Structure formats: C-alpha cells, structure tokens
Amino acid sequence: MKTTILLESKIVPVYFNADNTQPVSKLLRLLRRTIENKVINGKKMIKNCLDTVISIEVIGSEAILHTYRESDTLALSLY
C-alpha cells in the first residue's frame, strides 16, 4: 500500500508492507513522531538523510528511508 506524508515542505511517498500487523494509521503516527524526534535531536548524518529522502518503506517495525545516494539510506526503528 502507498500513501504520502509532508516532510520538511516536500511530499514523500510511504510504502507499507502487506504483512504489517499494525493499522496503517498507527504506523503513520509512529513514523511521524520518530521523524520529528530525529529532526530535533538527531545527529548530522540523520539530518542529512532527512534532507535528501525520496521515499520511505515501512517493514514491520522499521522504516527504511531511501535517499538519492544509497550510502545515505537509513533504517529507523519505530518503537
């Protein structure tokens, strides 16, 4: 399933795995809270990743942030 979120004034597509047991609304809320926390308290590498993110893939309890450069791609735990 696919949806979009607004992340630092740009629209980013979010893809969900069909095997997720949590409702999509709860996963979106967890994702938003985690990203907001990383924007405020994150290190330079995380902030750089969030600046160049092109899509987000949620698999189970992890969010994989895909960026323009594959070396900047990160996986964040939602819990």
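Note that the coordinates shown come from a computational prediction; the quantities given were computed from them, not determined experimentally.

> Help me understand the pairing of strand 3 (residues 53-59), please; the structure alone is not making it clear to me.
Looking along a regular strand, one sees the side chains alternate between the two faces of the sheet. The pairing of strand 2 (residues 10-16) with strand 3 spans three bridges and is classified as parallel. Paired with Phe-16 across the two strands is Val-58, which belongs to strand 3. Inspection of the sheet shows strand 3 paired to strand 4 (residues 62-67) by six bridges, in the antiparallel sense. Within strand 4, the position partnered with Val-58 by the bridge is Ala-63. Hairpin connection between strand 3 and strand 4: a loop of two residues separates the two successive antiparallel strands, and Gly-60 in this loop has a positive phi of roughly 65°.

> Just to check I follow, could you spell out the sheet that holds strand 5 (residues 74-77) for this structure?
Adjacent strands of a sheet pair through backbone hydrogen bonds, lying either parallel or antiparallel. Taken in spatial order, the five strands make up an open sheet running 1-2-3-4-5, and their pairing is mixed. At either end of the open sheet lies a strand with only one pairing partner, and these are strand 1 (2-7) and strand 5. For this sheet the average axis-to-axis angle between neighbouring strands, irrespective of direction, equals 25°. Contacting strand 1, strand 2, strand 3, strand 4 and strand 5, helix 1 (residues 24-41) crosses the sheet at an angle of about 25° to strand 1.

> Just checking my understanding: could you explain the pairing of strand 4 for this structure?
Taking every second residue as pointing to the same face, the buried face of strand 4 carries Ala-63, Leu-65 and Thr-67, while none of Glu-62, Ile-64 and His-66 on the other face is buried. Sheet analysis places strand 4 next to strand 5, joined by four bridges and oriented antiparallel. Bridged to Ala-63 within strand 5 is Leu-76. The antiparallel pairing of strand 4 with strand 5 creates a hairpin that spans six residues between the two strands.

About the criteria used
- Residues numbered from 1 in each chain as written.
- Predicted model: local features only at pLDDT ≥ 70, side-chain atom pairs only at ≥ 80, totals over all residues.
- Heavy atoms only, no water.
- Pairing = 2+ DSSP bridges.
- Helix = DSSP H or I, 4+ residues; strand = E, 2+ residues; numbered from the N terminus.
- Axes fitted to C-alpha atoms, helices over the stretch in contact; angles between N-to-C directions.
- Contact = heavy atoms within 4.5 Å.
- Buried < 20%, exposed > 50% of the residue type's maximum accessible area, 1.4 Å probe, protein only.

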